[in-house]
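Architecture and fold: a report
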Amino acid sequence: MFKSAFSSIVSATLFFAALPAWAGPPFVTDDPGVLEYQQHEMFFAVAQNNTSSGRTVTPSIDYSYGALPDFQFGISVPYAIDRPAGLPQQQGLGDVVLGAKYRILQETDDRPMLTIAPLVTIPSGEANKGLGNGASQFFLPVWVQKQWGDWLGYGGAGYWINNAQGAGNHWYYGAALQYDISAQITIGAELFHETDQLPADTASSGFSLGGIYNLDEQHRLLFSAGRGLRDASTQNRFSGYFAYAFTW
C-alpha cells in the first residue's frame, strides 16, 4: 500500500495533495505494513487540494505486489487536473511514482515494526502545464509502527531529493493514530510537517481526519479530509482523498 496521497505529483509546491494514494491511505504519512508474499493490492483513488491559486484534482491507479517475504514494490499512475484561478484548466498524465518497501523489523510485544520505503517519481507530467515536477524526485523515508489493542500508531521521517531546476531538497515528518471501532470501521487522524521545497516557500504543516470501511476481507473504502496549519490559504485550504481498494 503506497498515495497517496499521499500521496501523485501535480507540482512541486502541491505535491502532498496527491500523495496519499501512494503513501498510507487514507493519509499522507505512510504505514510500515508490507503485503504478504505474492499478495496483490490495487487502489482506484482520487485526491484534491484547494489553495488560493486554484484547485488540483488527481485520480490515480495504484498497484502493489508482495514480491518476497517482507518486501513489496508498487507503481502509481496519476491523471493530473490543474485548475489555476483565472487561467484555463490543464489536464493529462501526471508524474508516475515507483517505490518499494522492505520490512527490517517485524513488530513484537517489545518493539515496533521498522520499514524503509524508498521511491522515485518519474517526470512524465508536463511541468509547463502544472501537471508535473519537471524532473525526477527521490524520497528516502523510515517508518515505524506499534499496535496496542484496537489502537495503531505509526509515523516517521524522510528526505526528498528534488532535481527540478530552482527546487530544493526538503524533509517530511508525519505521525498518525488509528482506532478500530469495529471489525468494519477504523477512524484516525494525522499530523505532518514539511520543510521548504522551493526558495520562495515557507515550511508547512497540516492535519487530516479519515477512516476505513471494510466491505469484506478483500474490499474496502478509504477517505480523509484536512487542511494546512500554516499558510493554509496558499498551501492547503482543503485536501481530500477517497479510494476503493481490494487485495487478492
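These numbers were taken from a predicted model, which means no experiment stands behind them.

**Let's talk about the pairing of strand S5 (residues 71–84)**
Here strand S4 (residues 54–68) pairs with S5 via eleven bridges, running antiparallel. Bridging from a neighbouring strand, Tyr-65 pairs with Phe-73 of S5. Counted between consecutive antiparallel strands, the loop separating S4 from S5 contains two residues, among which Asp-70 sits at a positive phi close to 70°. Both S5 and strand S7 (residues 96–105) contribute to a ladder of six bridges, which runs antiparallel. The residue of S7 that forms the bridge with Phe-71 is Tyr-102. Across four bridges, the pairing between S5 and strand S6 (residues 90–93) is antiparallel. Along S6, the bridge assignment pairs Ala-80 with Gly-92.

**Looking at the packing of aromatic side chains**
If you walk through the whole model with that rule in mind, you get 13 aromatic pairs. Ring geometry for Tyr-65 against Phe-73: centres 5.9 Å apart, planes inclined by 65°, an arrangement best described as edge-to-face. Judged by its relative accessible area of 38%, Phe-73 is partly exposed. One aromatic cluster in this structure is built from Phe-44, Tyr-63, Tyr-244, Phe-246 and Trp-248.

**Digging into the pairing of strand S15 (residues 219–228)**
Sheet topology places strand S14 (residues 204–214) next to S15; nine bridges connect them, and they run antiparallel. The residue of S15 that forms the bridge with Ser-208 is Gly-226. What sits between the antiparallel neighbours S14 and S15 is a turn of four residues. Across eight bridges, S15 lies against strand S16 (residues 238–247) in antiparallel orientation.

**A few points about the environment of Gln-89**
Looking at the element boundaries, Gln-89 is found in the loop between S5 and S6. The spatial distance from the C-alpha of Gln-89 to the C-alpha of Gly-54 is 9.8 Å, given a sequence separation of 35 residues. In this structure Gln-89 touches Ile-81, Asp-82 and Arg-83, once residues within four positions along its chain are discounted. For Gln-89, the side chain forms a polar contact with the side chain of Arg-83, separated by 2.7 Å.

**So, the pattern of salt bridges**
Tallied over the entire structure, the rule returns six salt bridges. Lys-146 is the salt-bridge partner of Glu-107, the closest N and O atoms lying 3.6 Å from each other. Note that Glu-107 is positioned in the loop between S7 and strand S8 (113–116) and Lys-146 in strand S10 (residues 137–148), a separation of 39 residues in sequence.

**So, unusual backbone geometry**
In this structure, Gln-38 is a non-glycine residue whose phi angle is positive, near 70°. Considering the arrangement of structural elements, one finds Gln-38 in the loop between strand S2 (19–21) and strand S3 (40–51). Unusually for a residue other than glycine, Asp-70 sits at a positive phi of about 70°. Its place among the elements puts Asp-70 in the loop between S4 and S5. For Asp-70, a relative accessible area of 29% translates into the label partly exposed.

**Structural notes on the nonpolar core**
The nonpolar side chains of a soluble globular protein tend to be buried with one another. Ranked by size, the top nonpolar core spans nine residues in total: Val-28, Val-97, Ala-117, Leu-119, Phe-139, Trp-143, Trp-160, Tyr-172 and Phe-192. Ranked by size, the runner-up nonpolar core spans eight residues in total, among them Ala-45, Ile-212, Tyr-241 and Ala-245.

About the cut-offs
Residues numbered from 1 in each chain as written. Predicted model: local features only at pLDDT ≥ 70, side-chain atom pairs only at ≥ 80, totals over all residues. Heavy atoms only, no water. Pairing = 2+ DSSP bridges. Helix = DSSP H or I, 4+ residues; strand = E, 2+ residues; numbered from the N terminus. Phe/Tyr/Trp six-rings, centres within 6.5 Å; stacked < 30°, edge-to-face > 60°. Buried < 20%, exposed > 50% of the residue type's maximum accessible area, 1.4 Å probe, protein only. Contact = heavy atoms within 4.5 Å. Polar contact = N/O pair within 3.5 Å; in protein donor to acceptor, adjacent residues only side chain to side chain. Salt bridge = Lys/Arg side-chain N within 4 Å of Asp/Glu carboxyl O. Core = buried A, V, L, I, M, F, W, Y, C linked by side-chain atoms within 4.5 Å.

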